[in-house]
Amino acid sequence: DRYRELMRVARQWRQLKTMKWHGFGHRSDNPSTGELALFCPACPQPGINVLLSEDESLDDWKYTRSFVMDGNFKAEHLHPIKPFDEVWLSDGLGFMVGKDRYKMHLAEAADTVEKSSCNNHRAVNQANAARHKLESTGIGGVACARHGCFVPHSMVDFQKGERQATSTIPHSRVNHGQMNMDYALCEASRHNMEGITRAVTFYDINCQYNKHFRVRVDRSRFLEMAPQLTIIPGIGLWHVHGHQDSCYVRYASNFIEGIGRIDGEIMETLWARLNLISPAARGMSSPHRKECLDYQMNDSNFCKMIRMKRTLCRKYKLARNGILESGKAFDRLDEAAPLHLKTEWLARERIAQSSRLNDPSAMDEYEINIKKGTLSSIVSRRVTPAMQHPRRSVATWISTGLAIEEAQIALLIEVRRIGRRSTETQRLDIARQRDRLQGQIDGFARSALTHLGEGFDADDEPEDLDVDILDDLDDDPADFTETSHTWTNSPEHCNPIAIKPGG
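Residues numbered from 1 in each chain as written. Predicted model: local features only at pLDDT ≥ 70, side-chain atom pairs only at ≥ 80, totals over all residues. Heavy atoms only, no water.

Chemist: Residues and numbers for the packing of aromatic side chains, please.
Modeler: According to the stated counting rule, one finds 10 aromatic pairs in the structure shown. Centre to centre, the rings of Phe 150 and Trp 271 are 6.1 Å apart; their planes meet at 45°, and the pair counts as tilted. Residue Phe 150 is located in the loop between β5 (138-144) and β6 (156-158), and its partner Trp 271 is located in helix α7 (residues 266-274); the two are separated by 121 residues in the primary sequence. Across this residue pair, the class does not change: Phe 150 and Trp 271 are buried. Arranged with centres 5.5 Å apart and planes meeting at 80°, the rings of Tyr 248 and Phe 255 form a pair that is edge-to-face. Overall, the relative accessible area of 17% leaves Phe 255 in the buried class. Against the face of Trp 88 rests Lys 99, its NZ or CZ located 5.3 Å from the ring centre. One residue, Arg 216, lies across the ring of Tyr 209, its end atom 5.1 Å from the ring centre. (Phe/Tyr/Trp six-rings, centres within 6.5 Å; stacked < 30°, edge-to-face > 60°. Helix = DSSP H or I, 4+ residues; strand = E, 2+ residues; numbered from the N terminus. Buried < 20%, exposed > 50% of the residue type's maximum accessible area, 1.4 Å probe, protein only. Lys NZ or Arg CZ within 6 Å of the ring centre and 35° of its normal.)

Chemist: Give me the packing of helix α1 (residues 3-21) against helix α9 (residues 286-336): which residues, what numbers.
Modeler: Following both chains from N to C, one finds α1 and α9 inclined at 40°, their axes separated by 11 Å at the closest point. The angle between the axes of α1 and α9 places the two elements in the oblique class. Crossing geometry of α1 relative to α9 is assigned as left-handed. Across the interface between the two elements, Met 7, Arg 11, Trp 13, Arg 14, Thr 18 and Trp 21 of α1 pack against Pro 287, His 288, Glu 291, Cys 292 and Tyr 295 of α9. (Axes fitted to C-alpha atoms, helices over the stretch in contact; angles between N-to-C directions. Parallel < 35°, antiparallel > 145°, perpendicular 65-115°, else oblique. Left-handed = near helix turned anticlockwise from the far one by under 90°. Contact = heavy atoms within 4.5 Å.)

Chemist: Give me the side chain of Arg 11: which residues, what numbers.
Modeler: You can see Arg 11 is positioned in helix α1. Classification of Arg 11 as buried rests on a relative accessible area of 12%. In this structure the side chain of Arg 11 is engaged in a polar contact, spanning 2.7 Å, whose partner is the side chain of Glu 291. In this view, Arg 11 contacts Val 87, Leu 89, Pro 287, His 288 and Glu 291; residues no more than four positions away in its chain are not counted. (Polar contact = N/O pair within 3.5 Å; in protein donor to acceptor, adjacent residues only side chain to side chain.)

Chemist: Just give me the short version of the sheet that holds strand β8 (residues 198-202), but keep the residues and values in it.
Modeler: Spatial ordering of the open sheet is given by β6-β5-β1-β8-β9, a layout of five strands whose pairing is mixed. The open sheet has two edge strands, β6 and β9 (230-234), and neither has a second partner. Here the strands of the sheet are splayed against their neighbours by 25° on average, with no regard to which way each runs. Relative to β8, strand β1 (residues 65-72) is paired through four bridges, and the arrangement is parallel. In the strand pairing of β8, Phe 67 is matched with Thr 201. (Pairing = 2+ DSSP bridges.)

Chemist: Quick one: what's the story with the environment of Arg 146, residue by residue and with numbers?
Modeler: Along the polypeptide, Arg 146 turns up in the loop between β5 and β6. Here the alpha-carbon distance between Arg 146 and Ser 66, two residues 80 residues apart in the chain, equals 6.8 Å. When sequence neighbours within four positions are dropped, the list of residues in contact with Arg 146 reads Ser 66, Ile 259, Gly 260, Arg 261, Ile 262, Ile 266 and Lys 315.

Chemist: Before we move on, can you summarise the side chain of His 239 with the specific residues and values?
Modeler: Position of His 239 relative to the elements: it lies in the loop between β9 and α6 (246-251). The exposure class of His 239 is buried, given its relative accessible area of 19%. A polar contact is formed between the side chain of His 239 and the side chain of Asp 204, at a distance of 3.4 Å. For His 239, the contacting residues outside a window of four places in its chain are Asp 204, Glu 265 and Glu 268.

Chemist: Lay out the pattern of salt bridges with the relevant residues and their values.
Modeler: Per the stated rule, a full pass over the model turns up 18 salt bridges. For the salt bridge of Glu 291 with Arg 11, the shortest nitrogen-to-oxygen distance reads 2.7 Å. Highlighted residues: Glu 291 in helix α9 and Arg 11 in helix α1, separated in sequence by 280 residues. With respect to class, Glu 291 is no different from Arg 11; both count as buried. Here Asp 364 and Arg 250 are joined by a salt bridge, their closest N and O atoms 2.9 Å apart. Taken as a pair, Asp 364 in the loop between α10 (339-355) and α11 (375-382) and Arg 250 in helix α6 lie far apart in primary sequence, 114 residues in all. Residue classification places Asp 364 among the partly exposed positions, given a relative accessible area of 27%. Where salt bridges share partners, they join Arg 101, Glu 187, Arg 190 and Glu 224 into one cluster. (Salt bridge = Lys/Arg side-chain N within 4 Å of Asp/Glu carboxyl O.)

Chemist: I'd like a description of unusual backbone geometry, backed by residues and values.
Modeler: Positive phi values are uncommon outside glycine, yet His 153 reaches one of about 55°. Residue position: His 153 is located in the loop between β5 and β6. With phi around 50°, Asn 192 is a residue other than glycine that occupies positive phi space.

Chemist: Before we move on, could you go through the nonpolar core and cite the residues and values that matter?
Modeler: Counting 35 residues, the largest nonpolar core has Phe 67, Tyr 209 and Met 225 as the members making the most contacts within it. The element that contributes the greatest number of residues to this core is helix α3 (residues 179-188), accounting for seven residues. Core analysis: the next-biggest nonpolar cluster, separate from the first, contains 23 residues, Ala 143, Ala 145, Trp 271 and Met 297 among them. (Core = buried A, V, L, I, M, F, W, Y, C linked by side-chain atoms within 4.5 Å.)

Chemist: Just give me the short version of the pairing of β8, but keep the residues and values in it.
Modeler: β8 sits mainly inside the fold: five of its five residues count as buried. Neither face of β8 is left uncovered, since the one carrying Arg 198, Val 200 and Phe 202 and the one carrying Ala 199 and Thr 201 both have all their residues buried. Where β8 lies against β9, five bridges are found, and the strand directions are parallel. From the neighbouring strand, Phe 202 faces β9, where its bridge partner is Gly 234.

As structure tokens, then:
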């Protein structure tokens, strides 16, 4: 059995090929941090793809770097069997950060707990279950938000889940250690960004994460970021709808000046490809696992690089046509608006954009203001006290409706299973489930007043929206044991077909 020897030779071959590809095949000097990794050819990198003229400056909006941050809990790692026998060939030379400095950062960083001012995000601690068997519960890192290229030396391992917001703390308290993602972002900001003064970061929980980011950087010996670099926080256009309504105008990319059309969710597509090898790397030694992840991420960036010309040309054509259509719509709106209002709006916009970093609530200027006497105010006056609750997002409301529908189907299946031979305890349990489900349906129907807006008749009473879709359960339970027409084509109800020998 030469499997171990084969794995050792494969690692050596991969290391030699990587060094050759990056120009170290015939050089005596050794590669330094992140030099065995490809990066995005389109993102602005002074000295590489940015050559400034005398009248140009890196302060211009077009030299803004955009990052997206996220965690991946599929790329977990078991404790190594023989950690003393591990050989590191490319520690910190690719996308995964160097182990020694990162461990010192984790040992020094301290978790702090503070109350969350937004929704209780639950996408951060899935890996906590059975983590005593895992050396790493996943990985997290940074990629360029526009083109989806992993940033070299910015991928970190998680030890207790994505340690920047832990939603398992009671009373919606949020763990703001952020030790993992802080390190990843600081390392990403140091990669070919000399002189760049503006960066936009997209993160699922940026409304909480970015509050004290600079304070944490200043207090740490292992976190470094250029003081002239301005970080503008953003939230992806899909995740922002799971936040409070105020987070939309404060953090959505649609309201960030100079960022263009970008969704901030491209990291999810990168994880999908990386997870093709994550299960295979779960039981590898620590250096072998990181080398495999580096190799896969490098291949992802290489594929992005060779296909970027075609993609950017296609997007350019779409953007050019979109500008023409948007320009016509804006001109019609601009012609209809009074001059004094346009002057006032421009002034308020400049104040909001200039104040957003220190006071995100300044962006509330973009919120829609509805005057008294409109449909919204009429509905608000007719809402009963029982209906007054914090408004949830439309996405949450729709998912609640889907969950109710699933619960209804499960209850119907349970009634069918019990049939006529139900015990008193089973009938009581069915009745309790009915009451609980009916209460959820009533609440869901009443909350339609909040989300449907002009889509419902304001003359209707809120009680008219009550829906009882379980009236049939009042019938004889035997009705549910009879086969309906829906099931007549199922195999167990089909007539057997006689097959002649040899036919």
